[in-house]
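These are the residues of each chain, in order.
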Amino acid sequence: RRDTNTSFDSSFFNDPDSQTSIVNSKRFSVGGTFHPGPVSRSGSSGLGAVSDDDSDDDDDDGGVMGAPDVTMFHPPPPTAPGGTTAGGGRTYEVDFQTERKLGMLLERHDEWCPSGAGGQAGRLKECTLVKLVVEHGAADVKGVTVGSRVLAVNGEDCTNRPYLETLKLVKTTPRPMRVVLQEGKLADDECVSGYCLLRKSVGPIPPSQFATWKRRYFVLGGAVANKNVLQVYKSKRDYEHVVVSLFERRPIAVKLKAYKLSPSFSISAMRSVRYPEVGANVFYFTLMTPGAKLKMIKFGNDNADAIRDLHGHVTRFTGVGR
């Protein structure tokens with residue numbers, strides 16, 4: 001079970017990217033009207049050849065820019081315990097020699113102990129999991145994986161230690177610090193993410209040129225949103241910035257789009273288009289939001305399996321593709 005009231009240590013993260021685009025006076029918009037104030041699985045090599053400008057990042061598609069709706073970005077804890085991770089993976093050790101910023105987010109999860117589990121039968125037990133690993137951060141470089149469980153810190157057993165105690169131990173233990181972790185996996189429906197091709201235009205027709213597509217990073221669910229919220233970022237680093245900002249309760253300084261998926265969205269079946277100039281097919285589907293006037297959002301990838309995976313997960317919330 002996710003605990004959304006746990007504390008957060010900003011020292012776990014690297015400093016924000018100095019090249020992050022700053023939101024101008026148009027902080028966020030809903031349905032085309034701007035409001036002032038603070039803003040509260042993978043592609044292939046072909047994705048690097050597309051446009052990265054923001055010429056059509058407008059609000060005619062009915063999405064939400066920024067995070068004004070807390071029901072989208074602060075998910076309530078599930079009502080049923082357990083089922084969030086699959087444990088039993090390999091155990092590995094990571095040494096942090098001098099780093100204070102570890103580049104990972106730790107989160108509390110409540111695990112249901114089955115009958116006969118060391119006196120904990122029929123009870124919930126807190127465990128500490130790695131929820132997010134910042135790209136190119138210390139944890140990423142050292143091989144820490146999302147979903148891993150913290151077992152020990154400098155020889156101190158953390159398997160039965162409450163989350164807050166484990167968090168404090170990680171924060172205050174002198175360096176060098178050795179962390180023992182066990183590989184795990186967050187629930188499949190908790191987060192789907194990766195790079196894709198994206199284009200917003202009138203009607204269902206895809207771009208006539210491959211270079212017209214944009215390279216974007218999508219997250220469905222994730223660390224800070226309900227599982228039916230589809231977010232579009234310019235890069236993975238921008239997503240990580242938003243995660244940190246929301247946990248620290250400070251303004252978001254990057255552009256993003258968020259769509260709260262529901263059956264009122266219109267989604268197409270999978271299609272494909274050939275681009276002779278790059279010798280590749282792009283597999284794509286279109287998504288039209290309830291608030292859109294004319295524009296449709298095309299999500300694509302030259303990796304058919306990757307875009308079908310996203311299409312399948314989006315369809316769970318919008319209905320059968322047409």
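Residues numbered from 1 in each chain as written. Predicted model: local features only at pLDDT ≥ 70, side-chain atom pairs only at ≥ 80, totals over all residues. Heavy atoms only, no water.

**Regarding the packing of aromatic side chains**
Within the structure shown, the criterion is met by six aromatic pairs. Between Trp213 and Tyr284 the ring centres are 6.3 Å apart and the planes differ by 55 degrees, which places this aromatic pair in the tilted class. In this pair, Trp213 is assigned in the loop between strand S12 (191–202) and strand S13 (214–221) and Tyr284 in strand S18 (residues 280–288), connecting sequence segments 71 residues apart. Just as Trp213 is buried, Tyr284 falls in that class too. Pairwise contacts between aromatic rings join Tyr195, Tyr217, Tyr233 and Tyr239 into one cluster. The ring of Tyr195 carries Arg215 above its face, with NZ or CZ at 3.7 Å from the centroid. Here Arg308 stacks its cationic end above the ring of Phe283, 5.9 Å away from the centre of that ring. (Phe/Tyr/Trp six-rings, centres within 6.5 Å; stacked < 30°, edge-to-face > 60°. Helix = DSSP H or I, 4+ residues; strand = E, 2+ residues; numbered from the N terminus. Buried < 20%, exposed > 50% of the residue type's maximum accessible area, 1.4 Å probe, protein only. Lys NZ or Arg CZ within 6 Å of the ring centre and 35° of its normal.)

**As for helix H3 (residues 163–172)**
Residues Tyr163, Thr166, Leu167, Leu169 and Val170 constitute the buried set of H3. Along the axis of H3, the buried residues cluster in a sector spanning 160 degrees; they form a single face. In H3, those exposed residues whose orientation departs by more than 90 degrees from the buried face are Leu164, Lys168 and Thr172. In this structure, the buried residues of H3 make contact with strand S6 (104–112), strand S7 (124–133), strand S8 (149–153), strand S9 (156–157) and strand S10 (177–182). (Arc of directions from axis to C-beta. Contact = heavy atoms within 4.5 Å.)

**Here we look at unusual backbone geometry**
Between Arg175 and the following residue, Pro176, the backbone shows a cis peptide bond with an omega angle of 5 degrees. Along the chain, Pro176 falls in the loop between H3 and S10. One non-glycine residue, His136, lies in the positive phi region at around 70 degrees. Checked against the element boundaries, His136 lands in the loop between S7 and helix H2 (138–141). Residue His136 is classed as exposed on the basis of its relative accessible area, which comes to 57%. Here the phi dihedral of Asn154 falls at roughly 50 degrees; this positive angle occurs in a residue that is not glycine. You can see Asn154 is positioned in the loop between S8 and S9. For Asn154, a relative accessible area of 37% gives the class partly exposed.

**Overview of the pattern of salt bridges**
Under the criterion given, the structure shown has 11 salt bridges. Glu93 is paired through a salt bridge with Arg178; the nearest N and O atoms lie 3.3 Å apart. Residue Glu93 is found in strand S5 (residues 91–96), and its partner Arg178 is found in strand S10; the two are separated by 85 residues along the sequence. Between Glu165 and Arg161 there is a salt bridge, with its nearest N and O atoms 3.8 Å apart. In this structure, a network of salt bridges that share partners links the residues Glu93, Asp95 and Arg178. (Salt bridge = Lys/Arg side-chain N within 4 Å of Asp/Glu carboxyl O.)

**What about the side chain of Asn228?**
Mapped onto the elements, Asn228 comes out in the loop between S13 and strand S14 (229–233). Asn228 has contacts with Leu220, Tyr259, Lys260, Leu261 and Phe317, leaving out every residue within four places of it along the chain.

**Here's the deal with the nonpolar core**
Core analysis: the largest hydrophobic core is formed by 21 residues, its most contacted members being Leu106 and Val144. Counting residues per element, the ones that place at least two in this core are S5, S6, S7, H2, S8, H3 and S10. With four residues, H3 is the largest single contributor of residues to this core. (Core = buried A, V, L, I, M, F, W, Y, C linked by side-chain atoms within 4.5 Å.)

**Side note on the environment of Tyr275**
Summarising the element assignment, Tyr275 is placed in strand S17 (residues 271–275). Through-space distance from the C-alpha of Tyr275 to that of Gln209 is 6.9 Å; in sequence the pair is 66 residues apart. Those residues in contact with Tyr275 that lie beyond four places of it in its chain are Pro206, Pro207, Ser208, Gln209, Phe210, Trp213, Ala280 and Val282.

**Observations concerning helix H4 (residues 236–248)**
Its 13 residues give H4 an end-to-end C-alpha distance of 19 Å, which sits within 8% of 18 Å, the value for a rise of 1.5 Å per residue. In terms of burial, H4 is a largely internal element, 10 of the 13 residues being buried. Of all the residues in H4, the buried ones are Lys236, Asp238, Tyr239, Glu240, His241, Val242, Val243, Val244, Ser245 and Leu246. Directly after H4, the chain includes Arg249, whose backbone phi takes a positive value near 55 degrees. (Expected span 1.5 Å × (residues − 1).)

In short, geometric facts, not functional conclusions.
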